[in-house]
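Analysis of the macromolecular model
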Amino acid sequence: MLLRVAEDEQLAAALADALAGGPPVTPRASDAARAAIRPDLPVTEPGAAVVVATSGSTGDPKAVVLTASALQFSAAATHRRLGGPGEWVCALPTHYVAGLMTVVRSVVAGRGLRFTSPDLADLPEPGERSYLSLVATQLHRVLGRPEQVSRLRGYAGVLAGGSAIPAGLREAALAAGVNVVTTYGMSETCGGCVYNGVALDGVSVELAGERIGLRGPMAFAGYRLRPELTAHVLDGDLVWTNDRGRIAADGRLEVLGRFDEVVISGGEKVDLAAAQRLCDELVGPDAAPVVLLGVPDRQWGVRVVAVTTGDWRLEDLLAGLRGRLGRAGLPKELRRVPELAYTSTGKIDRTALQAAWQDEG
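Okay, so let's go over this structure. (Residues numbered from 1 in each chain as written. Predicted model: local features only at pLDDT ≥ 70, side-chain atom pairs only at ≥ 80, totals over all residues. Heavy atoms only, no water.)

**Focus on the overall build of the protein**
Scanning the protein from N- to C-terminus turns up eleven helices and 22 strands. In terms of overall dimensions, the protein is globule-like: its C-alpha atoms have a radius of gyration of 20 Å, near the 21 Å expected for 361 residues. Taking the principal axes of the C-alpha coordinates as reference, the protein spans close to 60 × 50 × 40 Å. Taking the intrachain contacts of the protein between residues at least 6 apart in sequence as the baseline, contacts between residues at least 24 apart amount to 59%. Carbon together with sulfur atoms contributes 50% to the accessible area of the protein, which is approximately 15800 Å² in total. Both charge centroids of the protein, one from 37 positive and one from 41 negative side chains, sit 2 Å from each other. (Helix = DSSP H or I, 4+ residues; strand = E, 2+ residues; numbered from the N terminus. Rg over C-alpha atoms; globule rule 2.2 N^0.38 Å. Contact = heavy atoms within 4.5 Å. Areas by Shrake-Rupley, 256 points an atom, 1.4 Å probe, with all protein chains shown as cover. Lys, Arg positive; Asp, Glu negative; His and termini not counted. Charge placed at Lys NZ, Arg CZ, Asp CG, Glu CD.)

**Details of the pairing of strand β8 (residues 157–161)**
With five of five residues buried, β8 is to be regarded as a mostly interior element. Side chains of β8 alternate between two faces, with G157, L159 and G161 and V158 and A160 buried alike. Here five bridges tie strand β7 (residues 130–135) to β8, and the two strands are oriented parallel to one another. Following the sheet pairing, S133 is matched in β8 by L159. The handedness of the β8 to strand β9 (residues 180–186) crossover, carried by helix α7 (residues 169–175), is right-handed. (Buried < 20%, exposed > 50% of the residue type's maximum accessible area, 1.4 Å probe, protein only. Pairing = 2+ DSSP bridges. Right-handed = clockwise from strand over helix to strand, strands pointing away.)

**Regarding the environment of L353**
For L353, the position within the fold is in helix α11 (residues 350–360). Since its relative accessible area comes to 8%, L353 is described here as buried. Put simply, L353 and V337 are 16 residues apart on the chain and 9.8 Å apart in space, counted from C-alpha to C-alpha. What L353 contacts, discounting residues up to four positions off in sequence, is V291, L293, V307, L340, A341 and I348.

**Topic: the packing of helix α3 (residues 68–82) against helix α4 (residues 97–109)**
Viewed as axis vectors pointing N to C, α3 and α4 meet at an angle of 80°, and their least axial separation amounts to 9 Å. Considering their axes alone, α3 and α4 lie roughly perpendicular with respect to each other. Only M101, V104, R105, V108 and A109 of α4 make contact with α3, whose side of the interface consists of L71, Q72, S74, A75, T78 and H79. Looking at the contact of α3 with α4, its residues break down into six nonpolar, four polar and one charged. (Axes fitted to C-alpha atoms, helices over the stretch in contact; angles between N-to-C directions. Parallel < 35°, antiparallel > 145°, perpendicular 65-115°, else oblique. Nonpolar A, V, L, I, M, F, W, Y, C, P; charged D, E, K, R; others polar.)

So, to be careful, I would describe these as geometric facts and stop short of saying anything about function.
This is the structure we're talking about:
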């Protein structure tokens, strides 16, 4: 069966058809995503309803095949956790899983779907039970806008995911009266399946050392046209991630970062994700972020540097981080940039920032 390519205005109807057994659908996406999705070739996976591309923030995009049963399970489990079905407002690109799932949930719930701009400038007034899904960057920005915050307070739930939530951001949102729920998941698990550190009903978290595995009916069917990669990640209904984690004393999952965020600098191991969390705590949720990067260096192999759009000085940053970070993890240089690079899903684009650093160096 060939894929149906759907624009935003067609997506809800196309998804309803796909979930009922009709042709699988893929949202219209970038050229790089289409090269992975290959809409010109038939889809052979049984039960396939959607093919969606990963963001490509850590490499080339991959095409993820999601079945109707996985999507329906994910949507129903989300509504149970949030307190019941409701209307969804989409503020994210629908050609990635976080935005796509707002449409899926609205279809499964049989409720309305509204769209708003990524900056939430036209955020609609909530209905009787409205939900919104954001990435951390959007949440950080909107908390400084009283009118939007006032509207957000009326939403039954505001999901925040897509990347690590900076220290203090969730607390700041809750203090502002916003019912924010942090989520963890990926395209291969129909988006978020761990909410506030607790797996959705029917989902389980498994650890192999620090490597996080997510098991449940929300698991994807495989990577399109890439069986060898599928075999490396998918074991039955268990999806192995490239993320590191641990179970906290209260039983909640703590995501520590990605395995590829651990670098060797001057012969010492540096956990960039842990260093970034400490940096976020120092900077605070209300200031312009400081982003730590690992860049190639002849002497160190990799050295840690920092970029920001704010007014931080390197000596002030070091004063706040010494004693909390080892010598190798302390940034060796700080550059101010006019703006940070973000992916289309709102994540910090570290690959682009690293490339820009080397180009300017």
